[in-house]
Amino acid sequence: MMKTTTALLIALAVLTISTGCNSSQNTPFEIIPDMDHQQKWKAQMENPFFSDRRAMRKPVEGTVAQGKLFADDSYHLGVVEGKFIGRNPEKINKELLVYGQRKFNTYCSPCHGQTGDGKGIVAQRSLWQVGNMLDPRIKEYPDGEIYSVASEGRRTMNGYRNQIGDRERWAIVAYVRALQRASSAPVADVPAQLLPSLH
Ligand code: HEC
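Conventions used here
Residues numbered from 1 in each chain as written. Predicted model: local features only at pLDDT ≥ 70, side-chain atom pairs only at ≥ 80, totals over all residues. Heavy atoms only, no water. Near = heavy atom within 4 Å. Polar contact = N/O pair within 3.5 Å; in protein donor to acceptor, adjacent residues only side chain to side chain. Helix = DSSP H or I, 4+ residues; strand = E, 2+ residues; numbered from the N terminus. Nonpolar A, V, L, I, M, F, W, Y, C, P; charged D, E, K, R; others polar. Salt bridge = Lys/Arg side-chain N within 4 Å of Asp/Glu carboxyl O. Buried < 20%, exposed > 50% of the residue type's maximum accessible area, 1.4 Å probe, protein only. Donors = N, O, S within 2.8 Å, 3.2 Å for Na, K, Ca; no water. Tetrahedral: all angles 85-135°; square planar, octahedral: opposite > 155°, others 65-115°. Contact = heavy atoms within 4.5 Å. Phe/Tyr/Trp six-rings, centres within 6.5 Å; stacked < 30°, edge-to-face > 60°. Lys NZ or Arg CZ within 6 Å of the ring centre and 35° of its normal. Axes fitted to C-alpha atoms, helices over the stretch in contact; angles between N-to-C directions. Parallel < 35°, antiparallel > 145°, perpendicular 65-115°, else oblique. Expected span 1.5 Å × (residues − 1).

Undergrad: Can you tell me about the site of the ligand, naming the residues and giving the values?
TA: Lining the immediate surroundings of the ligand are 21 residues, of which C108, C111, H112, Y141 and M157 lie closest. One of the side-chain N or O atoms of R137 is found 2.9 Å from an oxygen atom in the ligand. The side chain of R154 places a nitrogen or oxygen atom 2.9 Å from an oxygen atom of the ligand. Those elements giving two or more residues to the shell around the ligand turn out to be helix 4 (109–112), helix 6 (136–139) and helix 7 (143–152). Here the shell around the ligand is composed, by residue class, of 14 nonpolar, four polar and three charged.

Undergrad: Can you explain the pattern of salt bridges? Please cite residues and give values.
TA: Under the definition given, this model contains eleven salt bridges. Here R161 makes a salt bridge to E152, at a shortest N to O gap of 2.8 Å. Overall, E152 belongs to the partly exposed group, its relative accessible area being 44%. Overlapping salt bridges bring together D52, R54 and R57 as one network.

Undergrad: Describe the coordination of the iron atom of the ligand, listing the residues and the values that go with them.
TA: Ideal values differ by geometry: the angle at a metal is 109.5 degrees with four tetrahedral donors, but 90 or 180 degrees with six octahedral donors. Looking at the iron atom of the ligand, the protein donor atoms are H112 (NE2) and M157 (SD), and they sit 2.0 to 2.1 Å from it. Around the iron atom of the ligand, the six donor atoms are arranged such that angles at the metal cover 86 to 178°; this shape is classified as octahedral. Of this pair, H112 sits in helix 4 while M157 sits in strand 4 (residues 157–158), placing them 45 residues apart in sequence. Among the residues examined, H112 registers a relative accessible area of 10% and is labelled buried.

Undergrad: Help me get a handle on the side chain of K103, residues and values and all.
TA: Looking at the element boundaries, K103 is found in helix 3 (residues 94–107). Other than its neighbours up to four places away in sequence, K103 contacts C108, E168 and I172.

Undergrad: Explain the packing of aromatic side chains residue by residue, including any values.
TA: Under the defined criterion, the tally for this structure stands at four aromatic pairs. On the basis of an interplanar angle of 45° and a centroid distance of 6.3 Å, the ring pair of Y75 and W170 is categorised as tilted. One end of the pair, Y75, is in helix 2 (residues 73–77); the other, W170, is in helix 8 (residues 166–183), and 95 residues separate them in sequence. Here Y75 falls in the partly exposed class, since its relative accessible area comes to 21%. The exposure class of W170 is buried, given its relative accessible area of 0%. Each residue in the set Y75, Y147 and W170 is aromatic and connected to the rest through ring pairs, giving one cluster. For the cation-ring pair, R57 lies above F50, with the distance from its terminal atom to the ring centre recorded as 3.7 Å.

Undergrad: Any details on the packing of helix 3 against helix 8? Residues and values, ideally.
TA: Where helix 3 contacts helix 8, the axes come no closer than 7 Å and their chain directions differ by 95°. Considering their axes alone, helix 3 and helix 8 lie roughly perpendicular with respect to each other. Side by side, helix 3 and helix 8 meet where E95, L96, L97, Y99, G100, Q101, K103, F104 and Y107 of the first sit next to R167, E168, A171, I172, A174, Y175, V176, A178 and L179 of the second. Partitioned by chemical class, the residues of the contact of helix 3 with helix 8 number twelve nonpolar, two polar and four charged.

Undergrad: Could you give an account of unusual backbone geometry, with specific residues and numbers?
TA: The residue Q44 is not glycine, and still its phi comes out positive at about 75°. Positionally, Q44 belongs in the loop between helix 1 (2–20) and helix 2. Classification of Q44 by relative accessible area gives exposed; the value is 69%. Of note in the backbone geometry, R53 takes a positive phi value of approximately 60° without being a glycine. Tracing the chain through its elements places R53 in the loop between helix 1 and helix 2.

Undergrad: Describe helix 8, with residues and values.
TA: In a regular helix each residue adds 1.5 Å, so 18 residues correspond to 26 Å; helix 8 covers 26 Å between its end C-alpha atoms and thus fits that length. All of the buried residues in helix 8 are D166, E168, R169, W170, A171, I172, V173, A174, Y175, V176, L179 and Q180. Tucked inside the fold, the buried residues of helix 8 contact helix 2, helix 3, helix 6 and helix 7.

That's the geometry; what it means functionally is another story.
Structure representation (structure tokens):
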């Protein structure tokens, strides 16, 4: 009796697994269809409801999606009247720096390294010459220029405007400034409680 039950259970398990990932051309027998079948339109599909038959709709003319009104060029581009803005428009505080550190480590450090010296893992494993943000030349850039490089890219570096939001990029700029400051800080700047950890 026990044997029959076990055999049945195994058969059921095999059936469930085989119907779940069916690679044959036949319509699978679905015990649990999950959400495999839904009434929806995917990108590039045809939709007879609209006269142009496109499922993908364009934004209604003259409208702006929430959070997409970039009316302030200085904030969005880091540029005013063709010149990079000098100072980060965000309020610089610990919260912004911690946020910027997280974003820098995610988006910039693979190439630029966690200290910004341009020796990230990509730089180490390729012949790509990654910019050193601790270079005096880049230290002298206005905040708007670093923001602009992060947004639009420069020479062999791609821009990250579409991957990283405006506030995130300004937070990154603030953190890059902190890295630059730290790279030439005298020992006197190190908080007393951290001094023993220096070697
Ligand atoms: C995929 C690799 C890669 C990533 C990721 C990357 N960079 Fe770069 N970056 C480069 C390379 C390569 C250069 C050198 C460009 C050149 O001079 O041709 C560069 C140069 C720079 C420069 C110096 C530009 C100059 O005028 O010389 C700055 C500033 C900079 N990057 C900022 C950033 C910031 C901020 C991020 C993160 C948002 C970032 N980069 C992410 C590859 C990268």
